[in-house]
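Observations on the model geometry
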Amino acid sequence: MEDIYWDSPQATYEERRLQYLALCATEPVPQRGPGRRIGCFGQIARLELGLPASEGPLRDAIAYADSREDCCDFAVGGLLRILYLYDDSPNLASDLVADIEACLLRFKYWWDEPLGDNDRCYHTENHQIIFHADELLAGQRFKGQVFSNSGQTGSYHVDHALHFIRRWLDFRERFGYSEWLSNCYFEEDLQALVNLHDFAEDPEIRRRARAQIDVILFEMALHTYRGVFGSTHGRSYAFLLKGGRHEGSASTVKLMFGMGLFNHASQGTVSLATSTYRCPPLIAEIAADLDEPLLARERHSLNMEDAPAWGLSYTDPEDGHLYWSVQDYTHPAIYDLAQETRRLRQIMLYEDYQARYDQILQWQVDESGEVVDQDIDCHAMTEVHIQTYRTPSYMLSCAQDYRPGKPGYQQHPWQATLGIDAVVFTNHPGAADEISRPNYWAGNGILPRAAQHENILVCLYHLPANDAFPFSHAYYPTGAFDEVLEREQWVFGRKGHGYIALYTQHPGYWLPDGDQPRVELRVEAPDNIWLVEMGQQSAWGSFEAFVEAIASSPVKCEGLSLRYVSPSQGEVTFGWRGPLRVGGNEAPLRSNLRYDNPYCQWAPPFPGESPDEDRDQRVLSIRRGDAVHRIDFAYRGDVG
């Protein structure tokens, strides 16, 4: 059953909640993407609706937890939610309750417990909070009992988990999310945070979990377009990027904001739909605030060289948890700590990138005569500065000047969104398939240098000549647009009242994607400049006028330097080095603020920067008209 797409807010929250639960109760969970053996979340929906739980998915979730395979912590969070909400339900067999309890008592909750395993990821941002939340709720449930794997009591696990939960919350409050604006991993974060909000016995943890749920929804509200989370992403997958229909976040957006569509039983959304949490009305209003253009800037994560300014150590294993969540494992400042953590915890990364790193280092030597940058960890999601420009007819979003020329992983630097299927982005493939990380569409073998100013974006690719994929390409599904026109090296598209113009420095050619013709625009050149200008009917009057104005505007490319005279913004210049200039002025690509948008301007204080009695920098105040929503972080000083 395919859900109905809404491009503007529809129905009440309760109506949407029941509609979503009904879908989850009848639809099987798709078996693709990480951690998909989580059919227990569909059973949560059934139990919430007063329907009998099916034994098969719950038995599979127990087996998944026992397997210690990667992402089995997702299933444990679902099993814990079932116990806390429905353990006495007549629709849940008592023997299943007993088997779930036994499973939880033998689970391995953190990497410092015995019985090592090399196949399970503990350390990324989303896995850390899921493991810690799982441990806390299990410890609370069985305080006086001994957990067979650790040999410790539930009370020990409560204290152990609380310590790490507080540090994780501190890190997010100060640095935001290294997996920034992720249209899949936000769902995992939400699963854990909603469990903490609903079930943690510690009132401070419940309050701080609620604050982080508010933060995630606020960020989604700023960076969604009519129900599509079509922004830049710190991590994503190919099937999530090809339009908004399969985004892991789609169901959360529709449930909370009333736009988009429901697609499957996503663990974060099921948790929200069965929670006492309610989205602040102001945040939902911001998601639908399309009357005027919105310019939102954000800063997330941190660079390893800035850690001491935050009171962090390069040798403390617990500070190392933050560095592992950023996934920068080879930066010289933390390399020794990362290697010691790997040895002590027997951590293995999924892929061997040494050959790739050797190639990049040799590339540097070939170009510069020496190694000029050893900070080339492809996984790294270091400090990012985001710009998103949203109008009634389109949205454009970019990770500004983000790690250009370094190997990539799952980072999605930019995207233009005009509808649920009408999305455009470019990348440099890291593999020929759509499963690897990076792969044909998701992530980049080599990250580009991209920069945006409102409705203008420039993306430059500079690749080794001997690269396995010496080209960049655009995902441009022409069939999703109402009109598509080509003029020399420009491709113009119209969807509704929104317009996009995409220019390529070197000529490209069209290829199909699956059974869809003319989707991939490939440019067979290791260096290429891509240029985007967006527009809408209210500014141009017609698509034809937009096309004629841009097609007749001067574009000059010399190597990797661009000069373009935009009919809407004036002269634009950009290159592999140097600033982005628009209309004769330098366009800022960095900001000291964590949030800079019409609703708030805010940055967290550095250690010692704000006295205890000054709460202004500890409260994020979101304002729209006379309405105000305050998110109180109230730092406890657990870090630094």
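Presented here is a report on the structure given in the accompanying data block. This one's a predicted model, so the numbers in the text were calculated from it and none came from an experiment.

1. Some words on the sheet that holds strand β3 (residues 395-399)
Neighbouring strands of a sheet are bound in pairs by backbone hydrogen bonds; such pairs are parallel or else antiparallel. The strand order across the open sheet formed by 10 strands is β12-β13-β8-β5-β4-β3-β2-β1-β20-β21, and the pairing between neighbours is antiparallel. Each edge of the sheet is formed by a strand with only one pairing partner; in this case those strands are β12 (509-513) and β21 (600-602). Adjacent strand axes in the sheet meet at a mean angle of 20°, parallel and antiparallel pairs treated alike. Taken strand by strand, helix α9 (residues 203-222) contacts β1 (294-300), β2 (384-390), β20 (595-597) and β21, and its axis lies near 40° from that of β20.

2. Quick notes on the sheet that holds strand β7 (residues 456-462)
On the basis of which strands lie adjacent, the open sheet formed by 6 strands has the order β6-β7-β14-β11-β10-β9 and antiparallel pairing. The sheet is open, and its two edges are formed by β6 (449-453) and β9 (483-487), each paired on a single side. The mean inter-strand angle of the sheet, taken between neighbouring strand axes irrespective of direction, is 15°. Sitting on the sheet, helix α18 (residues 543-551) touches β9, β10 (490-495), β11 (498-504) and β14 (527-536), and the angle it makes with β10 is about 160°.

3. Concerning unusual backbone geometry
The omega torsion of the bond from Arg437 to Pro438 falls at 0°, within 30 degrees of zero and hence cis. One can find Pro438 in the loop between β5 (423-427) and β6. Phi is positive for Ala11, which is not a glycine, with a value near 65°. Looking at where Ala11 falls in the secondary structure, it is placed in the segment before α1 (13-26). Judged by relative accessible area, Ala11 falls into the partly exposed class, the value being 42%. One non-glycine residue, Ser301, adopts positive backbone phi at about 65°. Within the fold, Ser301 resides in the loop between β1 and α14 (317-326). Ser301 sits in the buried class, given a relative accessible area of 5%.

4. Focus: helix α4 (residues 72-86)
With 15 residues, α4 should cover 21 Å at 1.5 Å per step; its first-to-last C-alpha distance of 21 Å lies within 8% of that length. Of all 15 residues in α4, 13 are buried, a share of seventy percent or more.

5. A short note on a nonpolar patch on the surface
On the surface, a cluster of nonpolar side chains totalling about 200 Å² of accessible area is made up of Leu18, Leu49 and Leu51. Along the chain, the position of Leu51 falls in the loop between α2 (40-48) and α3 (55-67). You can call Leu51 partly exposed: its relative accessible area is 32%.

About the thresholds
Once a new chain begins, its residue numbering starts again from 1 and follows that chain's sequence as written. Local features in this predicted model are restricted to residues whose pLDDT is 70 or higher, and side-chain atom pairs enter the listing and the counts only when it is 80 or higher, whereas totals over whole chains, interfaces and linings include all residues. Heavy atoms from the whole structure form the basis of all side-chain values; hydrogens and water molecules are not counted. Paired strands are those between which DSSP finds at least two bridges. Helix numbering and strand numbering both begin at the N terminus, where a helix is a DSSP run of H or I of at least 4 residues and a strand a DSSP run of E of at least 2. Helix axes are fitted to C-alpha atoms over the stretch in contact, other axes to C-alpha atoms as well, and angles between N-to-C directions run from 0 to 180 degrees. Note on contacts: a residue pair qualifies if any of its non-hydrogen atoms lie within 4.5 Å across the two residues. A 1.4 Å probe rolled over the protein chains alone gives each residue an accessible area, and that area as a share of the maximum for its type sets the label: buried under 20%, exposed over 50%, partly exposed in between. To estimate the expected span of a helix, count its residues, drop one, and scale the result by 1.5 Å. To count toward a patch, a residue needs a relative accessible area over 30% and no salt bridge; like charges are then connected within 9 Å, while nonpolar side chains (Val, Leu, Ile, Met, Phe, Trp, Tyr) are connected within 5 Å. All accessibility values rest on the Shrake-Rupley procedure with a 1.4 Å probe; residue burial counts only the protein chains present in the view. Within this document, salt bridges are pairs made up of a side-chain nitrogen of Lys or Arg and a carboxyl oxygen of Asp or Glu, the two lying within 4 Å of each other.

The analysis is restricted to geometry; functional conclusions fall outside its scope.
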